[in-house]
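Understanding the architecture of this molecule
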Amino acid sequence: MCSCWVVLAFCCLGQLCAGQNLKPQIAAPQLATNNPTLTTVALEKPFCMFDSSLYPNKSYVIYLYAMKELASAISSLVTTTNSKPLNSTFQQTSGGKLGPYKAAMFNVPNCASPPKFTDVGDANKVSDVLKQYLFRVGDDGTCLYDPNFLAVCNPPLTPDTTYRFKYVLVDSTEGIMKDQTLWSDPIKTRRAKLPLKIDTWPGQRSGGMIVITSILSVLMFLLLAGLLASVSSAVMGSEASSAERKHMSQTIQQSELRPQLSSE
């Protein structure tokens, strides 16, 4: 059943690409559950978006830019005056607050030969297939603190924050921008729950479930009280029996001593 949903989502993805929807799209729920998270957003890769800008015998890469929605329109440019793509980093833009930063760089998705749908039903291949179709922004939690990290840093996003994303087609030989999408619609990461509002129950409970739980708790209390009473009664009875046996033993000893004393 799950594989059917994934195949259906892939078909929908193909229809979107065929319609030239030139802006990054958040991944379909069938492809990425729990999306967005507190610190990540899963996006569909730009399949077929730049076909008209690709030329034979040329080498291209895709740059993914991210910025917070509060960034000004002037600072949303991702190229210089000579069409060179910006190499601004997460740190330089204060995590996208001052403008877009380069969050990722990957090869142009092959629209003519996408991953096979038949591989989706294979548990050993489904992860690789999804990686070819999707990209998760904010998926690297170590690059900011690794002094030896030289690749494009894709650090966690800020919770409860709205972002926009843009794909840029870059001629890797000339190092210039050849095409770009529009900025995506606003996408907001999830908000962290306050500790007092976190539901610590294994699941949600209805009013009837609460009543049943209360009744069971009372019955358990009564059962424990009865058990303690039984144990206490048994202990007291044992002590009383021991005292009675001790008294009888003393009486017998005294009765045996009296004849001896009288015979003397």
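Computed from a predicted model, the values in this text were never measured in an experiment.

Helix and strand counts for the protein stand at 3 helices and 7 strands. Secondary structure elements of the protein, listed N to C terminal, follow the sequence α-β-β-β-α-β-β-β-β-α. Split into buried and exposed, the 264 residues of the protein put 31% on the buried side. For the protein, contacts bridging at least 24 residues in sequence account for 70% of all contacts bridging at least 6. Element-wise, carbon and sulfur atoms account for 60% of the exposed surface of the protein, whose accessible area totals about 17,100 Å².

This part covers the pattern of salt bridges. Within the structure shown, the criterion is met by 6 salt bridges. Note that Lys58 and Glu174 form a salt bridge whose closest N and O atoms lie 3.1 Å from each other. Here Lys58 is found in the loop between β1 (41-44) and β2 (60-68), whereas its partner Glu174 is found in the loop between β5 (162-171) and β6 (176-180), with 116 residues between them in sequence. For Glu174, a relative accessible area of 38% corresponds to the partly exposed category. In this structure, Glu69 and Arg164 form a salt bridge, with 3.4 Å as the shortest nitrogen-oxygen distance.

As a further point, take a nonpolar patch on the surface. There is a patch of nonpolar side chains on the surface, built from Val211, Ile212, Ile215, Leu216, Val218, Leu219, Phe221 and Leu222 and spanning about 790 Å² of accessible area. Among the secondary structure elements, Ile212 is positioned in helix α3 (residues 207-263).

A few words now on the pairing of strand β3 (residues 101-107). With 5 of 7 residues buried, β3 is to be regarded as a mostly interior element. Two elements, β2 and β3, share 6 bridges in a ladder whose sense is antiparallel. Residue pairing for β3: Ile62 is matched across the bridge by Phe106.

One pass over the full model with this rule turns up 2 disulfides. For Cys48, the disulfide goes to Cys111, at an S-S distance of 1.6 Å. Here Cys48 and Cys111 share a disulfide; its torsion about the S-S bond, 75°, makes the bridge right-handed. With a gap of 63 residues between them, Cys48 in the loop between β1 and β2 and Cys111 in the loop between β3 and α2 (126-133) connect regions that are remote in the sequence. The partly exposed category is assigned to Cys111, whose relative accessible area is 26%. A sulfur-sulfur distance of 1.9 Å marks the disulfide that ties Cys143 to Cys153. The sign of the 65° torsion about the S-S bond sets the Cys143-Cys153 disulfide as right-handed. Taken together, the residues Cys143 in the loop between β4 (134-137) and β5 and Cys153 in the loop between β4 and β5 connect sequence positions 10 residues apart. Note on accessibility: Cys143 and Cys153 belong to one class, buried.

Glancing now at the confidence of the model for the protein. For the protein, per-residue confidence averages 79 on the pLDDT scale, and residues scoring 70 or more make up 71% of the total. Contacts for the low-pLDDT stretch residues 1-20, under 50 throughout, to residues beyond four places or in other chains number 24 contacts.

Let us look at the packing of aromatic side chains. What the rule picks out here adds up to 6 aromatic pairs. Each ring, one from Tyr63 and one from Tyr65, has its centre 6.3 Å from the other, and the planes form 65°; the classification is edge-to-face. In this structure Tyr63 comes out as buried when scored by relative accessible area, which is 10%. Note on Tyr65: relative accessible area 0%, which makes it buried. An aromatic cluster is built from Phe106, Phe135 and Tyr167, whose rings are joined through pairwise contacts. Lying across the ring of Phe106, Lys45 places its NZ or CZ 4.9 Å from the centre.

Here Asn34 lies in the loop between α1 (2-18) and β1. Expressed as a C-alpha distance, the spacing of Asn34 and Arg190, which sit 156 residues apart in the sequence, is 9.6 Å. Within the structure, Asn34 has its side chain in polar contact with the side chain of Arg190 (distance 2.7 Å).

Structurally, Pro29 is set in the loop between α1 and β1. Spatially, the C-alpha atom of Pro29 lies 9.9 Å from that of Ala42, the residues being 13 residues apart in sequence.

Moving on, we come to the nonpolar core. Ranked by internal contacts, the top residues of the largest apolar core, which has 21 residues, are Leu43, Leu64, Val137, Leu157, Phe165 and Tyr167. Looking at this core, the elements that each hand over two or more residues are β1, β2, β3, β4 and β5. Excluding its chain neighbours within four sequence positions, the residues that come into contact with Val137 are Thr39, Thr40, Val41, Leu43, Leu64, Ala103, Asn154, Leu157 and Phe165. Residues Ala27, Ala28, Ala42 and Cys48 belong to the second largest nonpolar core, which totals 10 residues.

Conventions and cut-offs
Residues numbered from 1 in each chain as written. Predicted model: local features only at pLDDT ≥ 70, side-chain atom pairs only at ≥ 80, totals over all residues. Heavy atoms only, no water. Helix = DSSP H or I, 4+ residues; strand = E, 2+ residues; numbered from the N terminus. Buried < 20%, exposed > 50% of the residue type's maximum accessible area, 1.4 Å probe, protein only. Contact = heavy atoms within 4.5 Å. Areas by Shrake-Rupley, 256 points an atom, 1.4 Å probe, with all protein chains shown as cover. Salt bridge = Lys/Arg side-chain N within 4 Å of Asp/Glu carboxyl O. Patch = residues over 30% accessible without salt bridge, like charges linked within 9 Å, V, L, I, M, F, W, Y side chains within 5 Å. Pairing = 2+ DSSP bridges. Disulfide = S-S within 2.5 Å. pLDDT = per-residue confidence, 0-100. Phe/Tyr/Trp six-rings, centres within 6.5 Å; stacked < 30°, edge-to-face > 60°. Lys NZ or Arg CZ within 6 Å of the ring centre and 35° of its normal. Polar contact = N/O pair within 3.5 Å; in protein donor to acceptor, adjacent residues only side chain to side chain. Core = buried A, V, L, I, M, F, W, Y, C linked by side-chain atoms within 4.5 Å.

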